[in-house]
Amino acid sequence: MLVSDDNRVRTLTLNRPQALNAFTEALYDTMTVALRAAADDDAVAVVLVTGAGRAFSAGNDLGEMQARFTDPAFRSGVQGFEGMINALTEFPKPLICVVNGIGVGVGTTILGYADLVFMSSTARLQCPFTKLGVAPEAASSYLMPRLVGRQNAAWLLMSSEWIGADEARQMGLVWKVCAPDDLSSVANRHATILASKPIPSLVAAKRTIAAPDRPHIKQASVYENAEFRELLGGPANAAALAAFAQRPHCD
C-alpha cells in the first residue's frame, strides 16, 4: 500500500497492480492498520482509497483463498478481512473511494462504507459471489439494499454480472462518474473541500449519518460470515477455485 498526505487528505493506494490489487491477508492487515492510524491522526481530515494500475481491486486473492485448503502452512492475517470491515464500520472521518478500474467482490462491497464514491467511466463492478459458490460479504446484504434498493441489490449480489459506471451511478452506488483522465483531480478537489472543514464537525456529521447503521452492519456480518463459512470449500466453491487455479495469472 502507498500512503500519501496532502492538504489534510490521506490517500491509501492499493499497490498490487500486477494482481489487480487483490486483497491478501497481508493487505487486509495493512488496510486495517492504515485506517486506524488515519482515524487517530489529528492531521488527517479525510481518507481517500484508490488503486494502482488498471484496477481498483479484484477482491479476494483467489489463489490465497484456495491455499486455505491446500497449503498446510497457510496462516490467516492478524486482523484479516473481519478486522478491515470493523475498521471501515468504525471509521469516524469522511471516507472517499475512487474507483479507477475494475472492482470485484470486496472491491465493490467496500463502496458501501464510503461517504462519497467517484468512478471512472471505463471502470466496472462485479460481485461474483454466486459464481464462486459463496455468500455475500462485508455486510453488503444490509448496505446494498440501503444504498441501491432491494431489487438492484438482489441483481448485484445474486447475478455475478458486471455493471458499468453509469448503471452504478443510476443505482446510487456511485456519486460521480468521471472521464479517466479527470477522475483523480475531481475526487481530490472534493476531498480538499471536505478537508478544509473542522475535523470535529466532520466527525459529528459522519457519526450522525453512520451510527444508526453500525449495529445492523455487525449483525449482517454475523449472518454473512456464518453462510460464507458454510459454503467455503463446498462443491461449488471448490470447483470455482480449481478452475481459477488452472488459469494463467500473475502476482
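Report on the accompanying structure. Quick caveat, the model's predicted, so the values are computed rather than measured.

Attention shifts here to the pairing of strand β1 (residues 2-6). Alignment of β1 against strand β2 (residues 9-14), held across five bridges, turns out to be antiparallel. In the sheet register, Ser-4 faces β2, and the bridge partner there is Thr-11. What sits between the antiparallel neighbours β1 and β2 is a turn of two residues, in which Asn-7 has the positive phi angle 55 degrees.

Before going further, it helps to spend a moment on the sheet that holds strand β8 (residues 124-126). Strand order in this open sheet of four strands is β4-β6-β8-β9, and the pairing throughout is mixed. Among the strands making up the open sheet, the edge pair consists of β4 (55-57) and β9 (163-164).

Attention now moves to the packing of aromatic side chains. Taken as a whole and judged by the stated rule, the model has three aromatic pairs. Between Phe-23 and Tyr-28 the ring centres are 4.8 Å apart and the planes differ by 15 degrees, which places this aromatic pair in the stacked class. There is no split in this pair, since Phe-23 and Tyr-28 are both buried. When the centroid spacing of 5.5 Å and the interplanar angle of 80 degrees are considered together, the rings of Tyr-28 and Phe-81 count as edge-to-face. Placement of the pair is Tyr-28 in helix α1 (residues 25-40) and Phe-81 in helix α3 (residues 80-90), with a sequence separation of 53 residues. The exposure class of Tyr-28 is buried, given its relative accessible area of 1%. Here the guanidinium or amino end of Arg-124 rests over the ring plane of Trp-162, the centre of that ring lying 4.1 Å away. Over the ring of Trp-175 we find Lys-176, and its NZ or CZ is 4.4 Å from the ring centre.

Where burial is concerned, most of β2 is hidden: six out of the six residues are buried. The side-chain alternation of β2 yields two buried faces, one formed by Val-9, Thr-11 and Thr-13 and the other by Arg-10, Leu-12 and Leu-14. Pairing geometry for β2 and strand β3 (residues 46-51), over six bridges, is parallel. Counted as the bridge partner of Thr-13 is Thr-50 from β3. Read from β2 through α1 to β3, the crossover connection turns out right-handed.

In terms of nonpolar packing, the biggest core is built from 58 residues, with Leu-111 and Tyr-113 touching the most fellow members. Those residues within four positions of Leu-111 in sequence are excluded, and the remaining contacts are Phe-56, Cys-97, Val-99, Val-117, Leu-125, Leu-147 and Leu-173.

Moving on, we get to the packing of helix α5 (residues 140-148) against helix α10 (residues 214-231). Viewed as axis vectors pointing N to C, α5 and α10 meet at an angle of 130 degrees, and their least axial separation amounts to 8 Å. Put simply, α5 runs oblique to α10. Within the contact between the two elements, α5 uses Ser-140, Ser-141, Tyr-142 and Leu-143 and α10 uses His-216, Ile-217, Ala-220 and Glu-224.

Next up on the list: unusual backbone geometry. A positive phi is found at Leu-20, a non-glycine position, where the angle reads about 55 degrees. Position of Leu-20 among the secondary structure elements: in the loop between β2 and α1.

Right, let's talk about the pattern of salt bridges for a bit. All chains considered together, the criterion is met by six salt bridges. Residues Asp-115 and Lys-206 are paired through a salt bridge, measuring 2.9 Å at the closest nitrogen-oxygen approach. You can see Asp-115 sitting in the loop between α4 (106-109) and β7 (116-120) and its partner Lys-206 sitting in helix α9 (residues 199-210), a full 91 residues away along the chain. What makes Asp-115 partly exposed here is its relative accessible area of 32%. Its salt-bridge partner being Arg-146, residue Asp-213 comes within 2.9 Å of it at the nearest N-O pair. In this pair, Asp-213 is assigned in the loop between α9 and α10 and Arg-146 in helix α5, connecting sequence segments 67 residues apart. On the basis of relative accessibility, which here comes to 14%, the residue Asp-213 falls in the buried class. Here Arg-146 falls in the exposed class, since its relative accessible area comes to 55%.

About the criteria used
- Residues numbered from 1 in each chain as written.
- Predicted model: local features only at pLDDT ≥ 70, side-chain atom pairs only at ≥ 80, totals over all residues.
- Heavy atoms only, no water.
- Pairing = 2+ DSSP bridges.
- Helix = DSSP H or I, 4+ residues; strand = E, 2+ residues; numbered from the N terminus.
- Phe/Tyr/Trp six-rings, centres within 6.5 Å; stacked < 30°, edge-to-face > 60°.
- Buried < 20%, exposed > 50% of the residue type's maximum accessible area, 1.4 Å probe, protein only.
- Lys NZ or Arg CZ within 6 Å of the ring centre and 35° of its normal.
- Right-handed = clockwise from strand over helix to strand, strands pointing away.
- Core = buried A, V, L, I, M, F, W, Y, C linked by side-chain atoms within 4.5 Å.
- Contact = heavy atoms within 4.5 Å.
- Axes fitted to C-alpha atoms, helices over the stretch in contact; angles between N-to-C directions.
- Parallel < 35°, antiparallel > 145°, perpendicular 65-115°, else oblique.
- Salt bridge = Lys/Arg side-chain N within 4 Å of Asp/Glu carboxyl O.

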